[in-house]
Amino acid sequence: MKKPVRIVLRHVVLFLLAVFWLIPVIWLVATSFSAHKGMATNSFFPTNWSIDNYAQLFARPDTVCNFPAWFKNSMIIGVACCIISTIFVLMVAYAMSCMRFKARKPLMSFAIILGMFPGVLSMIAVYFVLREIGLTDSMFGLILIYSAGSGMGYLICKGFFDTIPISLRESARLEGASEFTIFTRIVIPLSKPIIVYTVINSFLSPWMDFVMARLMIKSKNPADWTVAIGLFNMLQKTLVSEYFSVFCAGGVIVAIPISILFVIMQKFYVEGITGGAVKG
Amino acid sequence: MKNFFNGLKNYFAEFGTAVAKGDIWTRMSLLILGMGYFGRGQIIKGILVTLVEVAVILFTAMFSAPYLAKLGTLGTVQREEVFDPLTMTKTVNDYDNSLLILLFSVVGLLVLFAFLLIYISNIKRVYEIQKLKENGKHIESFAEEVKALFNERFHITLLTLPSLGVIVFTVVPLLFMICVAFTNYDANHQPPTYLFTWVGLQNFRNLFTNNMTVSFGYAFIRILIWTLIWAVLATFTTYIGGILLAKFINNEHTKGKKVWRALFVITIAIPQFVTLLLINKMFSDNGIINGLANQWGLVSWLKDAGIIASGANGIPFLSQPGWAHVMIVIINIWIGVPYQMLIATGILMNIPNDQLESAKIDGATEFQIFWKITMPYMLFITGPSLITSIVSNINNFNVIYLLTNGYTTPNPTLANSQAKEIDLLVTWLFTLTNDYSNFKMASVIGICVFIVCAAITLIGFTNLIKGDREEDFQ
């Protein structure tokens, strides 16, 4: 007789936890449909509903909010970084996992040591470097920053490559395949989960990052901003009472493509992480 | 460490033999890099290598030498503007820019260092070819060498571009910032208007000084301790929370596992900066939570109970030390647990079932099974990633910065060194550079963060993952 009670209890607890986790999300969605532009403080759900925030976001760009331009900028940066980073990560991971050469171990230790310096420290110097090349305030500069160092994030991918049986590669070599052929014809087709994982991660990081973008893009023209800078700017003390619900609407719009990506790729995603983490 | 020195010794020993035993062509490569290849008929390679040499020499002579010459002082001529009333133009003298001197010196030195490596390996290679020739063996043609770049030397092709990216956008900036730690580069010494110069270890001394004018010592100790507490708390709460949630959802009695999992995963899908800013607003002094708490009489009840000050606007969730510390850790649980849950789900599914079964047959309780089988198994697999996540939490900039955007410290001694109670070392570093242009102290703090992270990694990897415990779990 004890069992059913416990099972019901289990679901109740789970339900409470889910509610706890979803409150901010629900509030975000609810506020995005609020007719009141500022932050409501008296009721959780808006008193008057409207879709004006979304209309403003897409149809009425002004000096603070130019969402279509931000979305386009972030999209371009995201896609470019995604392509470059994925190629870099796969290249480095293959070299470190499947090939043996003298500098392999020293390079790996060097990458670990380099990774222990706080990223914030080098940011300001990266800004100086970019300023000398004349690439601040440009999307090309941001793409360079996000993707140039991406080779350092090869570890999880290497862990995954390590699990691909050596015999596969060896038999290919006996048949006369070059390393290039093995890389492109054998290892890459076998690594779908980890490629999906890398693609998602490198596509998302420019969307999520805001510190670097804020340092590099000093332009006052909203059309030059990324989604992250633009949304952050709306919450400034002087603007928050006018733009809070618009910010929420922007947050929802950004979350939609990412959620769709996640749902489709969830299976690969879990496989990718765990496959790589076990040995990594 | 011993391996490292042995490797270094061999490296130079090989170079020595190449020079000592090389013939005329090999020795001529000491001066003109391509000579060794010309002598064996590898004309194209010889030309390419010589071109590299010429390029490096030109680059150093034309570009970096003027900067390197001033590296010792970081410049002596300050910028001056002279306004000529006759022609109505401003003339600026030929001033030194300390920032550019330091930056381009770092670049110039790196280029020279890279050239040195190429130089040494080139001599070795030339000597190898000399021996091949002496033994009458086949010497690769240029076409064959290019082909090898896609076969046995494929790693060179693979690694060149990624390494170049890392060098330009990570190594150069880092070296530059490390150098800045030994200069007086701050708000009062900003190029191009002013010069900065070397000050030795003065900044490091300042970091541990605490007197009327300098309070960095006071702030540093407090922030370091909070950073460490935060890193440990943040890592372990989300880790254990994630495992528990994964176990809870994956239990055989739970209905609709996928739906539950998806509910939690939704929170990952919203970009972190959006959720963090949103939660920051939710819990701000005049945010929704305080508004509701006011309506329900919670605020006045807390005031009566003496838990919050009677003059307060509301519950100071993110605006008072203590409250803010606890809130940050809780909010971080909210952010981190779903992600950990995903990872743990993947690993938990792989726990060998027979172990769990036999434990059950032996009469172990759920609790015992969790602590004696599940946890050790998880720790074994995720041990290394735990250490890396402690390190990444030390560097967890976003959570603290975005959540406490708007926090002002009530402590004047901390404020004197531009720090706040809830700052991590990295957020403090960021405030120092971004708001106060205090680059010298920021660099010193950055170096300290590196030392802390390196120490944790070393201790962690030698103690936690001691020995080979693989058999226990197979």
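Residues numbered from 1 in each chain as written. Chains lettered and ligands numbered in written order. Predicted model: local features only at pLDDT ≥ 70, side-chain atom pairs only at ≥ 80, totals over all residues. Heavy atoms only, no water.

## Notes on the overall build of chain A
Along chain A, the regular secondary structure elements total 13 helices and zero strands. For chain A, whose C-alpha radius of gyration is 23 Å, the value lies well above the compact-globule estimate of 19 Å for 280 residues. On the principal axes, the C-alpha backbone points of chain A span a range of 75 × 70 × 30 Å. In chain A, which comprises 280 residues, the proportion classed as buried is 52%. Sequence-distant contacts, at least 24 apart, represent 72% of the contacts inside chain A between residues at least 6 apart. Of the side chains in chain A, 23 bear a positive and 12 a negative charge, and the two mean positions are spaced by 11 Å. (Helix = DSSP H or I, 4+ residues; strand = E, 2+ residues; numbered from the N terminus. Rg over C-alpha atoms; globule rule 2.2 N^0.38 Å. Buried < 20%, exposed > 50% of the residue type's maximum accessible area, 1.4 Å probe, protein only. Contact = heavy atoms within 4.5 Å. Lys, Arg positive; Asp, Glu negative; His and termini not counted. Charge placed at Lys NZ, Arg CZ, Asp CG, Glu CD.)

## Here's the deal with the packing of helix α5 (residues 119-133) of chain A against helix α7 (residues 154-180) of chain B
Orientation of α5 of chain A relative to α7 of chain B, taken along the N-to-C sense of each, is 105°, at an axis distance of 8 Å. It follows from the interaxial angle that α5 of chain A and α7 of chain B lie roughly perpendicular. Contacts from L121, S122, I124, A125, V126, F128, V129 and L130 of chain A in α5 of chain A reach F169, V172, P173, L174, F176 and M177 of chain B in α7 of chain B. Looking at the contact of α5 of chain A with α7 of chain B residue by residue, the classes come out as 13 nonpolar, one polar and no charged. (Axes fitted to C-alpha atoms, helices over the stretch in contact; angles between N-to-C directions. Parallel < 35°, antiparallel > 145°, perpendicular 65-115°, else oblique. Nonpolar A, V, L, I, M, F, W, Y, C, P; charged D, E, K, R; others polar.)

## Some words on a nonpolar patch on the surface
A contiguous nonpolar patch, built from F180 of chain A together with I43, I44, I47, L48, L51, F142, V146 and F150 of chain B and spanning about 760 Å² of accessible area, is present on the exposed surface. Elements represented by at least two residues in the nonpolar patch include exactly α4 (43-69) and α6 (142-148) of chain B. (Patch = residues over 30% accessible without salt bridge, like charges linked within 9 Å, V, L, I, M, F, W, Y side chains within 5 Å. Areas by Shrake-Rupley, 256 points an atom, 1.4 Å probe, with all protein chains shown as cover. Salt bridge = Lys/Arg side-chain N within 4 Å of Asp/Glu carboxyl O.)

## A word on the packing of aromatic side chains
Two descriptors summarise a pair of aromatic rings, namely the distance from one centre to the other and the angle between the planes of the rings. A full pass over the atoms with the stated rule returns 42 aromatic pairs over all chains. Judged by centre distance (5.8 Å) and plane angle (40°), the rings of F67 of chain A and F71 of chain A are tilted. Residue F67 of chain A and its partner F71 of chain A are both found in helix α3 (residues 67-98); the two are separated by four residues, about one turn of the helix. Of the residues examined, F67 of chain A reaches a relative accessible area of 0% and is grouped as buried. Aromatic side chains F203 of chain A and W207 of chain A sit 5.9 Å apart centroid to centroid with 50° between the ring planes, which places their arrangement in the tilted category. Placement of both F203 of chain A and W207 of chain A in helix α10 (residues 192-208) is noted, with a separation of four residues, approximately one turn of the helix. Since its relative accessible area comes to 4%, W207 of chain A is described here as buried. Here the aromatic residues F58, F67, W70, F71, F203, W207 and W225 of chain A are joined through ring pairs into a cluster of three or more. Taking the ring centre of Y11 of chain B as reference, the NZ or CZ of K124 of chain B above it sits at 3.8 Å. (Phe/Tyr/Trp six-rings, centres within 6.5 Å; stacked < 30°, edge-to-face > 60°. Lys NZ or Arg CZ within 6 Å of the ring centre and 35° of its normal.)

## Considering the domain arrangement of chain B
Often, the extent of an interface is quoted as the loss of accessible area on bringing the components together. Residues and elements named next belong to chain B. With domains assigned, chain B is organised as domain 1 (2-200) and domain 2 (209-283 + 318-473). For domain 1 and domain 2, the distance between their C-alpha centres works out to 41 Å. Counting the surface lost from both domain 1 and domain 2, the interface buries some 720 Å², and carbon and sulfur atoms represent 67% of this. On the domain 1 side of the interface with domain 2, the three residues burying the most area are A181, Y185 and D186, jointly 49% of the side's total. (Domains from an automatic or database assignment. Buried area = accessible area lost by both parts, 1.4 Å probe.)

## Focus on the confidence of the model for chain A
Residue and element names in this part refer to chain A. For chain A, per-residue confidence averages 84 on the pLDDT scale, and 94% of positions sit at 70 or higher. Here helix α13 (residues 240-279) stands out as the least confident element of chain A, with mean pLDDT 74; α3 is the most confident, with 92. In this model residues 276-280 is a low-confidence stretch, pLDDT under 50, and it forms 10 contacts with partners more than four residues away in sequence or in other chains. (pLDDT = per-residue confidence, 0-100.)

## Overview of the interface of chain B and chain A
The partner chain A presents 87 residues to the 89 residues of chain B that form the contact. For the chain B and chain A pair, buried surface summed over both sides reaches about 8000 Å², with 82% attributable to carbon and sulfur atoms. Where chain B meets chain A, there are one salt bridge. Across the pair E14 of chain B and K102 of chain A runs a salt bridge whose closest N-O atoms are separated by 4.0 Å. For the pair chain B and chain A, the number of links is seven residue pairs in polar contact (both at pLDDT 80 or more). With 18 residues, the single largest contributor to the side of chain B that touches chain A is α7 of chain B. (Polar contact = N/O pair within 3.5 Å; in protein donor to acceptor, adjacent residues only side chain to side chain.)

## Here we look at the nonpolar core
Note on soluble globular proteins: their nonpolar side chains tend to be buried together. M216 and F247 of chain A together with W428 of chain B are the most contacted members of the largest nonpolar core, which has 185 residues in total. The biggest single contributor to this core is helix α9 (residues 216-250) of chain B, with 15 residues. Counting contributing residues per domain, this core is built from domain 1 (2-200) and domain 2 (209-283 + 318-473) of chain B, each supplying no fewer than three. When residues no more than four places from it in sequence are discounted, the contact partners of W428 of chain B are F216, A219, F220, I223, S417, Q418, A419, D423 and I445 of chain B. One finds M96, M99, I195 and Y197 of chain A within the second-largest nonpolar core, a separate group that totals 28 residues. (Core = buried A, V, L, I, M, F, W, Y, C linked by side-chain atoms within 4.5 Å.)

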